[in-house]
Amino acid sequence: MNRTTVSLIAGVAALAAVTGFASMSEPDTSGTDTAKAAAQLPVERTSLLCPAPSTSDLAETAYTSFTPVAEGTGDDGAAELTAAGEESADGKTDADKGDKKDDGKDGKEKAVLTPKEPGKPVTGEASGAESPALVGTAEGRFAPGWTVQQTTEIVAGSGRGLLGTNCSAPDTEFWFPGASTAKERTDYAHLTNPDDSAAVADIELYGKDGALKSTVGEGIQIPPHSSEAVLLSTLVDEPQTNLTVHVTVRSGRVAAAVQAIDDKLGGDWLGPSTDPAGSLVLPGIPKDATSVRLVAFAPGDADADLKVRLASPNGPITPAGNETLHIKAGMTAAIDLGDVTRGEAGSLMLTPTGRPTPVVAALKVTRGKGDKQETAFIPATGPVDARATAADNRSKGSTLSLVAPGRAAKVKVTASAGSGGGTAASKTYTIKGGTTQNVELPVPSGLKGTYALTVEPQSGGPVYAARMLEEASGGVPMFTVQTLPDDRGTVEVPDAAEDLSVLQK
């Protein structure tokens, strides 16, 4: 065996464990002696980025970090969230100049959050309009499934409401159906760069008639370890009520999120839709939603025709008058579903009526009436394959929705210890096929502070999940919904011994 072959195998295994993006193809069934097994290894490094929370002086933001306990991680590792650097007049960031907030000991940037151990949440706070975007890294035992929730409460003024988002990993492409440049909306695309070199991104907007012409959204520079907020209305000449935002990265990588602020209906974060697909699930519509709008976009060259169904607690329901949705290629379509849940838990299921055509989609959801309304967004999301986590749950005001769009599924839900104390607790639920269930949450005994919820499918068909946080203020039903895709805490790595014969041929 030559050393090049051995080094290649070791390098592949190490790269997969670090990045979390390696995959293993299906075993060869033709009789060839190829890899027969793949080991599930925990990722060794994870990056998460949090956008700047608000421009309101009344904003109060809570950060909650949590890593589930995972097997095979060892005892080493660390995690922290620090403020993203700000670009100075000479074009250098604080990191470039060494001009950082000093913790009084070694001149390093003082961390906003520093988790102490997996299995127990840690919290932090920020106030006012000057709170920066955050850049975070977790390594070793803190990396697999690392989750950070950013929750902002604004009691009055622009953006009044509860704004929540899962801090996200950097990537190179994002889709945001549900944005708007209407006169009552102020929507910003937040782009955060975690790396040591500048990133360059483009923002494209698509309305009901197709692409909107704009050169302003091309070649946006995001300095190293920094964040840029781009006001969407500055990219187009005419207001557009229903927009799809497409962010692509020419060089580097960024995390992206859209902050949507309505003059009368509050505001929230619009997270990216899952990758374009023929069938989509949008879980966790509040049972008391007074208005639900579906916004969808077909990014390819073919039109899409979708069947629209609601997964209720008793099975699939087709909304009267909105049985199907036709989406022209390259155009944004929207339909108003009204109070589609009618007092029951629900999730929207979109399936092709004929040949599948990839689409992206999101829901704008409203609760309350009159001047006491609040909005949130639910993008289409992926299933929970192995595990997903929602941080920042409180003793009151947390609702977990689980939906099994196909076959019935058995799901284990674990409530962690509290950030200030308490003992973890678990429950197992059976979700009937085609239904959504708002499950009764396990609550840690002796709970102090906030806790995390971890969702783990045990058997059956695919499971999708979402968590709603709610808090009443002045009669306004403030709320935010976070979808829970798989945390990608492990990767499949081929067994090196099994692959030697293949690499030597």
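Going along each chain's sequence as written, the residues are numbered from 1 onward. The predicted origin of the model limits local features to residues at a pLDDT of at least 70 and limits the giving and counting of side-chain atom pairs to 80 or more, whereas totals for whole chains, interfaces and linings rest on all residues. The side-chain figures draw on all heavy atoms in the structure; neither hydrogens nor water molecules are used.

Pairing between two strands requires that DSSP report at least two bridges joining them. A run of H or I in DSSP counts as a helix once it spans at least four residues, and a run of E counts as a strand once it spans at least two, with each numbered from the N terminus. Read from one edge to the other, the open sheet built from four strands follows the order β23-β19-β25-β26, with strand pairing classed as antiparallel. Each end of this open sheet is capped by a strand with a single partner; those strands are β23 (332-336) and β26 (374-379). Here the average twist between neighbouring strands, direction ignored, is 20 degrees. By the bridge criterion, six bridges tie strand β25 (residues 360-367) to β26 in an arrangement that is antiparallel. The residue of β26 that forms the bridge with V365 is A376. Axis definition: a line fit to C-alpha positions, over the contact stretch in the case of helices; interaxial angles, taken between N-to-C directions, run 0 to 180 degrees.

Below, the discussion takes up the side chain of T152. Summarising the element assignment, T152 is placed in strand β7 (residues 147-154). Within the local environment of T152, its side chain forms a polar contact with the side chain of T61, the two groups lying 2.8 Å apart. Here a residue-residue contact requires only that any non-hydrogen atoms of the pair lie within 4.5 Å. When residues no more than four places from it in sequence are discounted, the contact partners of T152 are P53, S54, A59, E60, T61, G161, L162 and L163. Polar contact is defined as a pair of N or O atoms within 3.5 Å, subject to the rule that within protein one atom must be able to donate a hydrogen and the other to accept it, and that residues adjacent in sequence are counted only when both atoms are side-chain atoms.

This part covers the sheet that holds strand β35 (residues 464-473). As summarised here, the arrangement of the four strands in space is β32-β28-β35-β36, forming an open sheet in which the pairing is antiparallel. Unpaired on one side and paired on the other, β32 (435-439) and β36 (476-483) mark the two borders of the sheet. Taking the axes of each pair of neighbouring strands and ignoring which way they run, one obtains an average angle of 25 degrees across the sheet. Across five bridges, the pairing between strand β28 (residues 398-404) and β32 is antiparallel.

Next up on the list: the side chain of S54. Counting through the fold element by element, S54 comes out in the loop between β2 (45-50) and β3 (60-66). For S54, a relative accessible area of 8% gives the class buried. Three labels apply to residues, based on accessible area from a 1.4 Å probe with only protein chains included: buried if under 20% of the type maximum, exposed if over 50%, partly exposed otherwise in between.

The subject of this paragraph is the packing of aromatic side chains. Note on aromatic pairs: each is described by the distance of the centres and the angle between the planes. Ring pairs shown here join Phe, Tyr and Trp side chains whose ring centres sit within 6.5 Å, with only the six-membered ring taken for Trp; geometry is labelled stacked below 30 degrees between planes, edge-to-face above 60, and tilted in between. Taken as a whole and assessed by the stated rule, the structure comprises three aromatic pairs. With 6.4 Å between their ring centres and 20 degrees between their planes, F174 and F176 make a pair best called stacked. Take F174: its relative accessible area is 6%, and that puts it in the buried class. Aromatic pair Y206 and F297: ring centres 4.7 Å apart, planes at 40 degrees, arrangement tilted. With Y206 in strand β11 (residues 199-207) and F297 in strand β19 (residues 291-297), this residue pair connects regions lying 91 residues apart in the sequence. For the pair shown, Y206 and F297 are each scored as buried.

Attention now moves to the state of the cysteines. Note on disulfides: each one is a pair of cysteine sulfur atoms within 2.5 Å. Taken as a whole, this structure holds one disulfide when the rule is applied. In this model, C50 is linked to C167 through a disulfide, with the two sulfur atoms separated by 2.0 Å. Disulfide C50-C167: torsion about the S-S bond near 110 degrees, hence right-handed. One end of the pair, C50, is in strand β2; the other, C167, is in the loop between β8 (161-166) and β9 (173-179), and 117 residues separate them in sequence. By the burial criterion, C50 is buried, and C167 matches it.

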